[in-house]
Amino acid sequence: MPPAIEVRGLRVERGGNPVLHGLDLSIEQGMVTGLLGPSGCGKTTLMRAIVGVQKVAGGSVMVLGAPAGSPALRRRVAYVTQAPSVYSDLTVDENLRYFARVLGAPAGAVARAVATVGLAGFETRPAAKLSGGQKNRLSLATALLADPEVLVLDEPTVGLDPVLRQELWTTFHELADAGATLLVSSHVMDEAERCDRLVLMREGHVVADDAPADLLARTATPTVEAAFLKLVDFREPAA
Amino acid sequence: MNATATLATARRVVHQLRRDPRTIVLLLLVPVALVTLVKWIFAGQPQVFQRVGVPLLGIFPMTSMFLVTSIAMLRERTSGTLERLMTMPIAKLDLLAGYALAFAGFAVVQASLVSAVAFGLLDLDVAGSRWAIIGLAVVNALLGTALGLLVSAFANSEFQAVQFMPVFLFPQMLLSGLFAPRPSMARGLEIASDYMPMTYAYDALSRVQRGTGWDERLALDLAVLAGSVVVALVAGAATLRRRTG
């Protein structure tokens, strides 16, 4: 099976400073891949390049065999930004109905997405009156509407209680088992063990790309956090 | 272009405005209050109100729609929803057309209300068709909407966006012929006013008010106004970027 996402020599600059310097990465289909690294290491920039909203200085990003951001991908790839991007003056239902119409999502998609993220019972509540975690889940529900083949999720579990986090990770694996490819970023290393594959980033470089067990075996460390420190040279404190 | 996405966007914008009743009340009542004010300011010179009243029926809605839409589009960008939409199958022009459609609906109500008050309560006289005045007021509001959507691309904050009103609309208002006949202006200003859409709005409203009838000049006014709406929307769509830094 060809990789769902293929990044070759990706370079991104911001204000003349390189953010990603010739990054290579392939993400396999039907897996949950964790993108881990300290805040500011380029995770969000890489994700934005994959969904085609990032200006790039060089290299190529192919998603499902097409250049990232091409019109054919706009229904097949979904993106959840770190800050919830929803209309705070609209209700849960109005938000989802609008995006469902834009996406041409099938009937029943709104109810299914609401149930998946556990927002049933909140349909008529304006997004402004939701808690931070609920707003994040509304943003996630929007991404699920069109049954995307590739889901790019930027820190989707920030601010969620442990029970909800557990439920969302179960959902992610159900989606992957159904054939979807998920790229999930986190700066919390303990979420790493829930991924099928791990990509560790630091200062715009990929420092490791492995299955969690292989990563621990290769670095002879007990935790992903320890592996990360060992890989980036433990004498230097990780940001 | 995709009619579903345009209509969905228009419906969404209406839903958003419905959640904000105070804005709706301001949109509808401020032009009425201002036209009433002008009537009383010229209590001793009723002929002045008769001359400027009808053009103001178009210019006030243009101004209020300009402000509201430039802020609405700015919010779309700062809330991250624009970036989300740019990853979805919606054309940039569909999005702006949706906004224009929603605000055109409000413009019909706004223009009808201010015209009804001006004709019914303030004794504003029109030699031509009153329906033509209402129609022109709606076109003016639509032009305000399209210009507001366009300039919002150049504003990074609400503070900047509100400043664009005096920058873009005040000079047009001063040069449109409302304050002084254009041929009596300095030659440079008269030429500049030829390139400002509000000049044609003022001219059309003033012609209908004087009842000069349908002629080539009125047709030109309408063509310029309609063309400006389309150009502003297309230019506005061109300023939206799917990819940003």
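Up top you'll find the structure we're talking about.
> How do you make sense of the pattern of salt bridges when you look at a structure like this?
As enumerated under the stated definition, the model contains 21 salt bridges over all chains in all. E13 of chain A is the partner of R11 of chain A in a salt bridge, and the nearest nitrogen-oxygen pair spans 3.8 Å. Overall, the relative accessible area of 37% leaves R11 of chain A in the partly exposed class. According to the relative accessible area criterion, E13 of chain A is partly exposed, its value standing at 44%. For E76 of chain B, the salt bridge identified is with R12 of chain B, shortest N-O distance 3.0 Å. Here E76 of chain B is found in helix α3 (residues 46–78), whereas its partner R12 of chain B is found in helix α1 (residues 3–18), with 64 residues between them in sequence. Its relative accessible area of 1% is what places E76 of chain B among the buried residues. Assessed through its relative accessible area of 1%, R12 of chain B is described here as buried. Several salt bridges share partner residues, and in doing so they unite D203, R207, D215, R217 and D221 of chain B into one network.

> For this particular structure, what's the right way to read helix α2 (residues 21–41) of chain B?
Since one α-helical turn is 3.6 residues long, residues separated by three or four positions face the same way. Residues and elements named next belong to chain B. When the terminal C-alpha atoms of α2 are compared, their 30 Å separation across 21 residues agrees well with the 30 Å that a helix rising 1.5 Å per residue should span. Considered for burial, the residues of α2 that qualify are I24, L27, L28, P31, V32, V35, T36 and V38. In this structure, the buried residues of α2 make contact with α1, α3 and α5 (92–120).

> Honestly, the interface of chain A and chain B in this entry has me stumped. Any pointers?
A common way to report how large an interface is uses the accessible area buried once the components associate. Across the boundary between the two partners, chain A contributes 31 residues, which contact 27 residues of chain B. Of all residues in chain A, R74, Y98 and R101 of chain A bury the most surface against chain B, accounting for 23% of the area lost on that side. For the interface between chain A and chain B, the tally reads 3 salt bridges. Between E94 of chain A and R19 of chain B there is a salt bridge whose closest N-O contact spans 2.6 Å. In this assembly, chain A and chain B are joined by 19 residue pairs in polar contact (both at pLDDT 80 or more).

> What am I meant to see in unusual backbone geometry here?
Negative phi values dominate among residues other than glycine, just as trans dominates among peptide bonds. Even without a glycine there, the phi angle at D147 of chain A is positive, about 45°. Residue placement: D147 of chain A occurs in the loop between α4 (132–144) and β7 (150–154). One non-glycine residue with positive phi stands out, namely D123 of chain B, at about 55°. Relative to the assigned elements, D123 of chain B resides in the loop between α5 and α6 (130–151).

> I keep staring at the sheet that holds β7 of chain A and nothing clicks. Help me out?
Sheets are built from strands that pair by backbone hydrogen bonding, the pairs being arranged parallel or antiparallel. All names here are of chain A. Reading across the sheet, the 6 strands line up as β6-β7-β8-β3-β9-β10 and stay open at both edges, with mixed pairing between neighbours. This sheet does not close on itself; its edge strands, each paired only once, are β6 (77–80) and β10 (205–210). Across the sheet, the mean angle separating the axes of adjacent strands is 15° when strand polarity is ignored. Where β7 and strand β8 (residues 181–186) come together, 5 bridges link them in parallel fashion. When the sheet's bridge partners are listed, D154 is paired in β8 with S185. Contacts from helix α6 (residues 212–219) reach β9 (197–202) and β10, with the element oriented near 105° to β10. Along the sheet, helix α7 (residues 224–231) makes contact with β3 (32–36), β9 and β10, crossing β9 at roughly 45°.

What counts and how
Residues numbered from 1 in each chain as written. Chains lettered and ligands numbered in written order. Predicted model: local features only at pLDDT ≥ 70, side-chain atom pairs only at ≥ 80, totals over all residues. Heavy atoms only, no water. Salt bridge = Lys/Arg side-chain N within 4 Å of Asp/Glu carboxyl O. Buried < 20%, exposed > 50% of the residue type's maximum accessible area, 1.4 Å probe, protein only. Helix = DSSP H or I, 4+ residues; strand = E, 2+ residues; numbered from the N terminus. Expected span 1.5 Å × (residues − 1). Contact = heavy atoms within 4.5 Å. Buried area = accessible area lost by both parts, 1.4 Å probe. Polar contact = N/O pair within 3.5 Å; in protein donor to acceptor, adjacent residues only side chain to side chain. Pairing = 2+ DSSP bridges. Axes fitted to C-alpha atoms, helices over the stretch in contact; angles between N-to-C directions.

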